[in-house]
Amino acid sequence: MINFAHVVAMLMLACFARPTSPPAASPRQLHVPILMYHYISANPAWPNDTVRTNLSVPPPAFAAQLEYLQHAGYTTISLGDMVSALNGGATLPDKPIVLTFDDGYQDFYDNAYPLLKHYGDHATIYIISHDVDRPGYMTWDELRELATSPLITIGAHTRTHPDLSRLKVVDSWDEMAGSKTDLENQLGIVVRDIAYPSGRYSPTVLDQAGEIGFATGVTTREGQDETPGVLLALPRIRVNGYTSIDDLIAGLQGRRSLHARRYRRPAPPLLGGMRARLALGN
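Throughout, residues of each chain are indexed from 1 in the direction in which the sequence is written. Whole-chain, interface and lining totals are the exception, using all residues; otherwise, since this is a predicted model, local features are given only for residues with pLDDT of at least 70 and side-chain atom pairs are given and counted only at 80 or more. Side-chain numbers here rest on the full set of heavy atoms in the structure, without hydrogens or water.

A word on the pattern of salt bridges
Okay, so step 1: Just to be clear on terms, a salt bridge is a Lys or Arg side-chain nitrogen sitting within 4 Å of an Asp or Glu carboxyl oxygen. As enumerated under the stated definition, the model contains seven salt bridges in all.
Okay, so step 2: Its salt-bridge partner being R144, residue D141 comes within 2.8 Å of it at the nearest N-O pair. Placement of the pair is D141 and R144 together in helix α6 (residues 140-147), with a separation of three residues, close to one helical turn.
Okay, so step 3: For each residue, the accessible area found with a 1.4 Å probe, counting protein chains only, is set against the maximum for its type, and the residue is called buried under 20%, exposed over 50%, and partly exposed in between. Its relative accessible area of 31% is what places R144 among the partly exposed residues.
Okay, so step 4: Here E184 and K180 are joined by a salt bridge, their closest N and O atoms 2.7 Å apart. One end of the pair, E184, and the other, K180, are both in helix α7 (residues 169-187), four residues apart, so they sit about a helical turn from each other.
Okay, so step 5: Classification of K180 as buried rests on a relative accessible area of 10%.
Okay, so step 6: Among the charged side chains, a salt-bridge network with shared partners connects R159, D174 and D182. Each helix is a run of DSSP H or I of at least 4 residues and each strand a run of E of at least 2, with the numbering of both proceeding from the N terminus.

Describing the pairing of strand β2 (residues 34-37)
Okay, so step 1: With burial as the criterion, each face of β2 is covered, one bearing I34 and M36 and the other bearing L35 and Y37.
Okay, so step 2: Pairing of β2 with strand β4 (residues 96-103) involves four bridges; the strand directions are parallel. Bridging from a neighbouring strand, I34 pairs with V98 of β4.
Okay, so step 3: Being paired, for any two strands, means DSSP has found at least two bridges between them. Bridge count for β2 against strand β10 (residues 234-238) is two bridges, and the pairing is parallel. Note on β10: the bridge partner recorded for M36 is R238.

Considering the environment of V205
Okay, so step 1: Looking at the element boundaries, V205 is found in helix α8 (residues 203-212).
Okay, so step 2: Taking the C-alpha atoms as reference, V205 lies 7.0 Å from L164; in sequence the two are 41 residues apart.
Okay, so step 3: In what follows, a contact means two residues having at least one pair of non-hydrogen atoms within 4.5 Å. In this view, V205 contacts L164, S165, M176 and Y196; residues no more than four positions away in its chain are not counted.

As for the nonpolar core
Okay, so step 1: As used in this record, nonpolar core signifies buried Ala, Val, Leu, Ile, Met, Phe, Trp, Tyr and Cys residues forming a set joined through side-chain atoms within 4.5 Å. The biggest cluster of nonpolar side chains holds 51 residues, and the ones touching the most others in it are L35, F62, F101, F108, I125, L143 and I152.
Okay, so step 2: In this view, I125 contacts F101, F108, M138, L143, L146, I152, T153, I154 and G155; residues no more than four positions away in its chain are not counted.
Okay, so step 3: V32, L79, A195 and L234 belong to the second-largest nonpolar core, a separate cluster that totals 16 residues.

Some details on the packing of helix α5 (residues 106-119) against α6
Okay, so step 1: Packing of α5 against α6 brings their axes to within 10 Å, and their N-to-C directions diverge by 45°. When the axes of α5 and α6 are compared, the pair comes out oblique. The chirality of how α5 crosses α6 is left-handed. Together, Q106, F108, Y109 and Y113 of α5 and E142, E145 and L146 of α6 make up the contact between the two elements.
Okay, so step 2: When the residues that make up the contact of α5 with α6 are grouped by side-chain class, the tally is four nonpolar, one polar and two charged. Note on definitions: angles span 0 to 180 degrees between N-to-C directions of axes, and those axes are lines fitted to C-alpha atoms, for helices only across the stretch in contact. Angles below 35 degrees are treated as roughly parallel, those above 145 as roughly antiparallel, those between 65 and 115 as roughly perpendicular, and all remaining angles as oblique. Put simply, a crossing is left-handed when the front helix is turned counterclockwise from the back one by less than a right angle, and right-handed when it is turned clockwise. Note that Gly is not counted as nonpolar here; it falls among the polar residues with everything else outside the nonpolar set of Ala, Val, Leu, Ile, Met, Phe, Trp, Tyr, Cys and Pro and the charged set of Asp, Glu, Lys and Arg.

So, the packing of helix α3 (residues 59-71) against α5
Okay, so step 1: Remark: α3 packs on α5, axes separated minimally by 10 Å, with the N-to-C direction vectors making an angle of 25°. The angle between α3 and α5 places the two elements in the roughly parallel class. Between α3 and α5 lies a crossing whose hand is right-handed. Side by side, α3 and α5 meet where P59, F62, A63, L66, E67 and Q70 of the first sit next to N111, A112, L115, L116 and Y119 of the second.

Structure representation (structure tokens):
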């Protein structure tokens, strides 16, 4: 026999029970490689200046890398595109990639920009604002031209390139906010991206970057995973003068760069480009 009193009691409990919350959604994550370049030129002081050689990608090697990325189906995007995808669910291409260039060297305008235009690739350049117009660095007139290009995003790299993590709070603020103001006043743009000099930062620096108005900050930490909570401390993949196509592919696939265990002494500045072209021909 059905116990109607028991049934009524169970129904009442069901009505007044706290509704079960749906499981919390996992934070959105992207896997977008952010490549880090410095000089796009052969080091004129090779082999005596190994530091500069390490930071220098000769134009033939850079052209071969852009050719590979295009051939492999990668599409260059801006950091703003990536932020929109993380925060608002905007759609990205199947194989997105970000190209970044630190310091604002003259060879970006002379060597990298023509190649980027040839391949239709987007890039973000980080400018040390007090080095503009100095020998070896781009001029304000060149930066004004670049600021009008749909392919180029201009970001800040502080005023004088110090180690922000070791500065007093007032000084780190001045370096970051000051560079943003310098660039915005000179170029008539809004600067939303920053690269921390030598990749060094602290929790205070990250807080300041957000308060100043930066939407993204890039480091030198290796990796390619991005979430909304770490947009001010984004990892990158370093591309240097010894990076062959094999090394580039290894970095894009999240594997250890081959050059880290292959090279024991500096290679000639054009070796990376020669090997890259040979690899593309295979």
